[in-house]
Structure formats: C-alpha cells, structure tokens
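Chain and residue survey
Read off the chains here:
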Amino acid sequence: MPARNHLDNKEPKAKSTMGRAEIEKMVEKSEDINNLERLPEGCISDILSLTTPADVCRSSLLSNLIKSAADSDVIWEKFLPADYQEIISRAFYPFPSAAATSKKELYYRLCDDPLLIDGGLKSFQLEKSSGKKCIMLGAKELAIDWGDNPHHWYWRGYPGSRFAEVAELKWSCWLEIRGKLETRLLSPETFYAAYLVLKFKQDVYGFDDEPIKAKVEVVGGAGGDTSQERLIYLSPNGGKDQYVARKRGDGWMEVEMGHFYNEGGPDNEGGEVHMSVIETENLEAKYGIIVQGMELRPKADT
C-alpha cells in the first residue's frame, strides 16, 4: 500500500464567509459606538431623542451605556404628545399614569392599550413606531341617519369592541354615517387616513356590488379647506378597487375613506376633519353590517 502523502492529514482551510467590505463596516461601526460612548450619558440621550422610538429601541442593543441612555425619561417624555397629561385626565376609567415606573412604560401602555376618553365615546392610542396619535370615534359619537329608530338600527354590546355599544344595521334603504373631530387633537405635520371600522353578520345584504360615496374634508385648517371624495366598498367581495374592506389585526374590518395632511400649530385651533359614508341613490334593502366607529391614524405609506 502506498504511503499517504503527509498533506492528506491536513484539513482544508475554511472559506471566509465575510468579505473585506463587511469586515471594514463592522470595524467602522465598532469605532462609532466607542466614540459615542465617550460622550456623557445625558448627551447620548439628547442625540437619541432626535430620532424615533423605533430607532431608540434598536440603538439600545448596541451597549449597556447606550441602553441606559435609551431608557431614560428624558427621551420618552419627548416621544409622548405634549398634551398627554390632559388627554389622560379625560380617561373614562381611572388611568393612574403615576403608577408607570418610567415614561417608557407609560409610552408603551398608551401604544398597546387604547384609552377610552370623553365619556367612553372615543379611544386614544399612540402609534408604536412614531408616537403619533390615533383616535377612534365610537359609533355613539357618529351621526347615523335613522340611528335612533329601532326598526333600522340596533345598539348593543359586541365582543372585541372598544366601546360599550356598536350600531347594527337591521334594515334600511338609505345609509348615511358622519363623524367629525377637531384637528388639534391629532398630531401636527402628519398625514392621516380615516377608516370606517365594521364587521358583517352572517346574513348581510346590499353591499357586495354597489360602491358607496366616502368623503373626508378638513374645514378651517391652517392650510385652508381641503376635500377628498372616493367610491368605496364595504364588503371585501365588492369590486376590484383598492378601497374595499380589509381585515385588521384586531379581527374587525376597515375601509379607508380618504386621507389628509394635518398642519397643526396654533393657527389650526379651529380646524375640524369631517368624514362621511353615504349611499342614498340605490334605494334597495341593506342590512347586516355592524359599525364600531371611525378611526384616524397616521397613513403608513406616506
């Protein structure tokens, strides 16, 4: 048997899985972190407060010093709305904000659990990634034609609803739902979308094929009056248009009625956003939808 070559006993060298560019990037990043950590913690907090809540959470993974700065009340106080204490004072149920161990905890409580305000007719919440305000008007806060007529609309509690009562359409040939909100209650310099939030009973009729007129209008805003109209479908089976009802993360459905830019600022104190969903031309029977409310939240794709 021929002798084995001494080179046969050597293991082949492992191929490098990281290129030079990636290594240089890691070294540069490490140097940046070291330079940042030379700053006082308060200075790091001031820098992080100029970013977003999502950026701060990512930065907290870089080192223990940065995590300590990223958790400070200085940062999270800036991410909370300027009027958050006034909003909390309007809570329908007691909301002891002082019980939160930190401003960060308070921030995430307002993100994760919608707060009922104004007698339980509205809900307030923060968008987690940005800290922008989200507000929903419950069905009782909306103007619904024939809503006080028990032959047409039925008011009741419903599992999974934020509000004590929802509006269930028993029968109507005429659909008209309106809502309005002062723009000062929303985050300034923000694009918002308005949504109708609803569900369908198993026995639903009159919404598959017929488009419904939706309108979102800002009246008295700093940038002047603006108005947007479109046709929407309250059923996911209705039409091929993008403005159809789609499922939300909480199990309800929603359809976008329109969007607008909220200027904000002191000149916008008297502004209001008006929203409506109207079908008064096709007078065939309609029944089987359950309306929870209208929600205003920052527009994700803007």
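Our structure is the block above this text.
What comes next is a walk through the structure. (Residues numbered from 1 in each chain as written. Predicted model: local features only at pLDDT ≥ 70, side-chain atom pairs only at ≥ 80, totals over all residues. Heavy atoms only, no water.)

1. Points about the environment of Ser 60
Put simply, the rule is: In this description a helix means any DSSP run of H or I spanning at least four residues, a strand means any run of E spanning at least two, and both kinds are numbered starting from the N terminus. Throughout, a contact is declared for two residues whenever any of their heavy atoms are within 4.5 Å.
Note on placement: Ser 60 falls in the loop between helix H3 (53–59) and helix H4 (64–70). Not counting the four nearest positions on each side in its chain, Ser 60 is found in contact with Ile 66, Lys 67 and Ala 70.

2. A word on the packing of aromatic side chains
Two aromatic rings are characterised by how far apart their centres lie and by the angle between their planes. In plain terms, the rule: The rule is short: rings of Phe, Tyr and Trp, with Trp giving its six-membered ring, pair when the centres are within 6.5 Å, and they are stacked under 30 degrees, edge-to-face over 60, tilted in between. Exposure is judged per residue with a 1.4 Å probe applied to protein chains only, and the accessible area is read against the type maximum: over 50% gives exposed, under 20% gives buried, and values in between give partly exposed. Any Lys NZ or Arg CZ that is within 6 Å of a ring centre and within 35 degrees of that ring's normal is treated as a charge sitting over the ring.
Scanning the model with the defined rule gives nine aromatic pairs in all. A ring pair is formed by Trp 76 and Phe 79, whose centres lie 5.3 Å apart and whose planes are at 80°; its orientation type is edge-to-face. On the criterion of helical spacing, the pair formed by Trp 76 and Phe 79 is a turn pair, its members being three residues apart in helix H5 (residues 73–79). A centroid spacing of 5.2 Å and a plane angle of 80° characterise the contact between Tyr 107 and Tyr 108, whose relative ring orientation is edge-to-face. The same class applies to Tyr 107 and to Tyr 108, which are both buried. Clustering of aromatic rings is evident, with ring pairs tying together Trp 76, Phe 79, Tyr 107 and Tyr 108. Lying over the aromatic face of Trp 155, Lys 140 brings its terminal NZ or CZ to 4.3 Å of the ring centre. The ring of Tyr 243 carries Arg 230 above its face, with NZ or CZ at 3.6 Å from the centroid.

3. Overview of the sheet that holds strand E4 (residues 143–144)
We apply this condition: Following DSSP output, two strands are said to pair if at least two bridges run between them.
Within the open sheet, the five strands sit side by side as E4-E7-E13-E9-E10. Their pairing is antiparallel. Two strands in the sheet have a free side with no partner beyond their single neighbour: E4 and strand E10 (226–232).

4. Considering a negative patch on the surface
This is how the line gets drawn: Each patch is assembled from residues with relative accessible area greater than 30% and no salt bridge, linking like charges that lie within 9 Å and nonpolar side chains (Val, Leu, Ile, Met, Phe, Trp, Tyr) that lie within 5 Å. Only the protein chains shown count as cover for residues, and all accessible areas are computed by the Shrake-Rupley method using a 1.4 Å probe. Any carboxyl oxygen of Asp or Glu within 4 Å of a side-chain nitrogen of Lys or Arg constitutes a salt bridge here. In this tally, Lys and Arg are treated as positive and Asp and Glu as negative; His is ignored, and so are the chain termini. To locate a charge, the coordinates of NZ of Lys, CZ of Arg, CG of Asp or CD of Glu are taken.
A cluster of acidic residues, Asp 208, Asp 209, Glu 210 and Glu 284, forms a negative patch on the protein surface. Tracing the chain through its elements places Asp 208 in the loop between strand E8 (190–205) and strand E9 (212–219). For Asp 208, a relative accessible area of 38% gives the class partly exposed.

5. Focus on the layout of surface pockets
Heads up, the condition is: Throughout, the protein atoms alone are placed on a 1 Å grid, and a set of points is a cavity if a 1.4 Å probe fits but cannot get out or a pocket if it is open with protein on both sides within 12 Å along at least five of seven lines; lining residues have an atom within 4 Å of a point. Grid points are joined across faces, edges and corners, and a volume is the space filled by probe spheres set on the points. Under the scheme applied here, ten amino acids are nonpolar (Ala, Val, Leu, Ile, Met, Phe, Trp, Tyr, Cys and Pro), four are charged (Asp, Glu, Lys and Arg), and all others, including Gly, are polar.
Looking at the second largest pocket, its volume works out to about 250 Å³. In terms of lining, the second largest pocket is formed by 14 residues, of which the most central are Tyr 205, Gly 206, Phe 207, Asp 208 and Asp 209. Of the residues belonging to the lining of the second largest pocket, the class tally is five nonpolar, four polar and five charged.

6. Notes on the side chain of Asn 282
Mapped onto the elements of the fold, Asn 282 is located in the loop between strand E13 (272–279) and strand E14 (287–298). Non-local contacts of Asn 282, meaning those with residues more than four positions away in its chain, are made with Cys 173 and Glu 210.

7. Observations regarding the pattern of salt bridges
Enumeration according to the criterion identifies 24 salt bridges in this entry. The partner of Glu 86 in a salt bridge is Arg 90, with the nearest N and O atoms 3.4 Å apart. Accessibility expressed as a relative area gives 38% for Glu 86, which makes it partly exposed. A salt bridge links Arg 184 to Glu 182; the shortest N-O distance between them is 3.1 Å. Beyond isolated ion pairs, a larger network of salt bridges with shared partners links Arg 162, Arg 248, Asp 250, Glu 254, Glu 295 and Arg 297.

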